[in-house]
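The primary structure of each chain is shown beneath.
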Amino acid sequence: MLQGSYSYPLVFASLFIATIASYTTLDLVGRISALGRSAYRVYWLIGGAVAMGLGIWSMHFVGMLSFSLPIPLGYDPTITFYSLLIACGVSYFALDLVTRGELSFARMTVSGVLMGLGIASMHYTGMAALRMQPEIDYAITILVASVLIAIVASIAALWLANALRTTQPGLLWLHRLGAATLMGLAITGMHYTGMAAARFPADSVCRAATGISTNWLALSVGGTTLSILAITVVLSVLDARLQLRTSVFVKRLQHQATHDGLTGLPNRVLLTERIDGAIARHHQSGTPFAIFFIDLDGFKTINDSFGHNIGDAVLKDLSQRLQSVMRKDDMLARFGGDEFIVLAEGVTDDAAAARIAEKLLSSFRSAFKLPGIEMGLSPSIGIAMFPRDGDNVDTLLSHADAAMYQVKTSGRNNYRFFAAEMNVATLRLVTIQQGLQTAMRENQLFLHYQPKFNCSDHTVQGAEALLRWQHPELGLISPAEFIPVAEKSGQIISVGHWVVEQVCRELNDWRAAGHALIPIAVNLSLVQLRAPNLVQDILAITARYGIPPEMLMLEITETAAMENADETRATVDKLKSVGFMLAIDDFGTGYSSLSHLQEFGVHQMKVDRAFIKTLTKEEGKSRSIVSAIISLAHALEMEVVAEGVETRAQLDVLQELRCDQTQGFLLARPMPKEEFIRLLQTAQQNGSRLEPA
């Protein structure tokens with residue numbers, strides 16, 4: 001028998017390659033497992049199988065090169081390539097198996113046996129590449145031992161890879177390095193055990209001998225393999241970092257999409273999902289739940305008076321207070337600006353819901369203390385019970401909202417359960433509030449114009465724009481109904497802008513059609529009057545349509561003007577300074593003083609229709625009051641407009657008292673813009689004079 005020898009540097013090189021290949025394999029297992037069912041998984045499997053297979057094969061090949069006989073040795077390229085393919089195939093099988101989820105002991109054992117047989121097949125195929133003549137004689141006992149070592153090493157490798165694939169970052173690299181060292185020793189041990197089983201007869205000849213330097217071949221194969229393994233690890237690490245950053249970014253986006261940016265509470269999206277989940281759990285276990293709709297009383301005043309920074313601080317403080325009195329499993333969500341929703345599962349009856357509502361109310365009892373400010377705040381809470389008050393998310397929230405509105409209209413700072421009888425009136429109110437934005441967007445709002453006439457000669461002096469709403473379901477809604485809702489919900493600002501823009505648009509159309517412009521009066525509410533950008537916003541709209549500011553007369557009720565006289569005067573001064581006309585509406589119903597009227601310096605004073613209605617009655621004092629108002633207005637250099645003039649007798653008295661203008665059904669009712677244009681044309685044909693009907 002020929003006696004073989006080993007080059008120990010190449011033996012250690014093969015062990016090093018086996019260890020690096022094992023580390024790369026463990027890293028790939030963690031990377032591919034993290035991909036789940038991603039479309040990129042198959043590409044990583046193929047690339048990983050090539051890298052892992054090349055590493056195992058390279059270890060085997062360098063180990064073969066470390067072995068020498070007293071005769072020249074070489075390796076058949078075709079058979080050697082087949083051994084490489086076997087290594088890659090076994091590697092693909094192993095990677096695919098261990099990254100598919102939890103690996104049971106039975107499946108791991110069977111797979112380890114198959115994988116060990118595959119590695120042994122690769123080894124002995126590589127040995128066959130020597131093409132010895134006569135054939136290599138193997139010691140059966142040692143050969144079987146090498147196959148058993150391959151099987152045990154494969155099972156151990158699968159177990160280690162499965163155990164480490166979900167290990168958290170930190171010392172993971174150290175664990176993988178230790179495991180890779182053990183795997184490298186096992187794989188190398190299998191190889192050299194298999195080599196020990198080989199017996200070479202004394203007359204053996206290697207038919208694949210080429211004369212190529214063994215050291216050069218080992219260096220080329222080992223260097224190439226290590227480079228590929230290194231590149232694979234680097235790509236895996238870089239891709240893992242990219243995926244980690246992407247995952248963090250996606251999670252951040254998901255959190256932003258489902259949570260409120262100010263308070264960090266779940267938002268409407270996540271709330272809807274949780275309520276849907278509670279409904280599904282009820283169908284499985286019969287567990288009821290309650291929805292608490294919390295709306296803050298007068299919160300808009302806080303924003304208007306102290307600024308949004310203070311308002312935001314109050315909301316954050318309140319969210320912490322509410323969470324502190326809630327049960328552990330209850331959910332608090334921010335539903336809107338100053339609206340919060342509590343979802344409480346397992347609430348079996350009204351008594352249990354009432355106890356939760358009392359705790360929610362208790363969180364408001366102490367004042368909200370902010371730097372330099374201490375204020376009280378109260379809630380209105382509506383409660384809807386599932387399944388009694390609705391069987392889906394929208395119905396439950398709508399009914400809880402309706403119950404909350406009942407609290408609002410009956411004193412606030414309380415809670416109330418939803419009841420069917422409150423549905424009609426309250427849901428109409430809710431429908432109006434929720435429909436205002438749609439009404440502006442879909443042109444459900446429109447304007448009528450009521451002319452104002454000279455009291456003496458009945459010439460048209462101007463008109464008042466009156467807002468109307470044709471709702472697709474509720475029909476024609478009176479301004480007396482929807483304007484207070486708009487004011488309470490804060491939507492009056494956008495509604496007011498819509499009115500001003502519509503008036504300017506129609507004035508521009510009339511001018512383009514060749515009609516002379518006349519002043520149009522527009523009503524301003526108290527909320528609009530307090531808006532910080534009122535003057536800039538209205539001025540921007542008139543500039544957009546090229547309408548002179550003096551063509552708009554802005555009417556303010558006496559009550560609104562006196563709410564905060566100093567602030568009103570400042571706003572009035574700004575409006576007058578840019579050219580807008582001002583009028584005090586409903587005069588006689590408020591508590592204005594002479595000094596304030598003088599300071600305001602408005603252009604018109606409109607006498608409330610209540611005085612005009614009783615103007616001609618003998619026993620009444622309305623004539624004296626109206627006479628005094630007219631005298632006062634003229635003394636302050638203001639025009640007087642009498643509202644609600646409906647009879648010729650009222651008109652005669654007003655002419656006698658030297659009233660400047662009249663407005664009422666006697667001369668003209670509110671009318672669409674087309675009819676108003678025809679009235680102006682008729683007035684021009686009659687010398688601008690219209691006779692009472």
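Residues numbered from 1 in each chain as written. Predicted model: local features only at pLDDT ≥ 70, side-chain atom pairs only at ≥ 80, totals over all residues. Heavy atoms only, no water.

## Some points on the pattern of salt bridges
As enumerated under the stated definition, the model contains 20 salt bridges in all. Across the salt bridge formed by R334 and D260, the nearest N and O atoms sit 3.1 Å from each other. In this pair, R334 is assigned in strand β8 (residues 331–334) and D260 in the loop between α7 (214–258) and α8 (268–285), connecting sequence segments 74 residues apart. Of the residues examined, R334 reaches a relative accessible area of 14% and is grouped as buried. The closest approach of N and O atoms between D330 and R327, which form a salt bridge, is 2.9 Å. The exposure class assigned to R327 is partly exposed, which follows from its relative accessible area of 35%. In this structure, a network of salt bridges that share partners links the residues E464, E555, K606 and E643. (Salt bridge = Lys/Arg side-chain N within 4 Å of Asp/Glu carboxyl O. Helix = DSSP H or I, 4+ residues; strand = E, 2+ residues; numbered from the N terminus. Buried < 20%, exposed > 50% of the residue type's maximum accessible area, 1.4 Å probe, protein only.)

## Overview of the sheet that holds strand β7 (residues 289–297)
Spatial strand order, β8-β9-β7-β12-β13: five strands in an open sheet with mixed pairing. Unpaired on one side and paired on the other, β8 and β13 (414–417) mark the two borders of the sheet. Adjacent strand axes in the sheet meet at a mean angle of 20° when their direction is disregarded. Strand direction decides the pairing type here: strand β12 (residues 378–386) and β13, joined by four bridges, are parallel. If you follow G382 over to β13, its bridge partner there is R416. Along the sheet, helix α12 (residues 393–409) makes contact with β7, β9 (339–345), β12 and β13, crossing β12 at roughly 145°. (Pairing = 2+ DSSP bridges. Axes fitted to C-alpha atoms, helices over the stretch in contact; angles between N-to-C directions. Contact = heavy atoms within 4.5 Å.)

## Some points on unusual backbone geometry
What you tend to see is this: most non-glycine residues have negative phi, and most peptide bonds are trans. Between Q133 and P134 the backbone carries a cis peptide bond, its omega angle lying at 0°. Mapped onto the fold, P134 is located in the loop between β3 (132–133) and β4 (137–138). The peptide bond linking F386 to P387 adopts the cis configuration, its omega dihedral lying at 10°. Here P387 shows up in the loop between β12 and α12. Of note, the phi angle at N413 is positive, near 50°, even though the residue is not glycine. Position of N413 among the secondary structure elements: in the loop between α12 and β13. By relative accessible area, N413 is classed as partly exposed at 46%. The backbone of E637 sits at a positive phi, close to 60°, despite the residue not being glycine. Position of E637 among the secondary structure elements: in the loop between α22 (622–635) and β21 (639–643).

## Quick word on the packing of helix α2 (residues 41–65) against helix α4 (residues 105–128)
For the pair α2 and α4, the least separation of the axes is 10 Å and the interaxial angle reads 45°. Taken together, α2 and α4 sit at an angle that is classed as oblique. The way α2 lies across α4 gives a crossing that is right-handed. Facing M52, I56, W57, H60 and M64 of α2, the residues of α4 in contact are M115, M122, H123, G126 and M127. Here the contact of α2 with α4 is built from residues that sort into seven nonpolar, three polar and no charged. (Parallel < 35°, antiparallel > 145°, perpendicular 65-115°, else oblique. Left-handed = near helix turned anticlockwise from the far one by under 90°. Nonpolar A, V, L, I, M, F, W, Y, C, P; charged D, E, K, R; others polar.)

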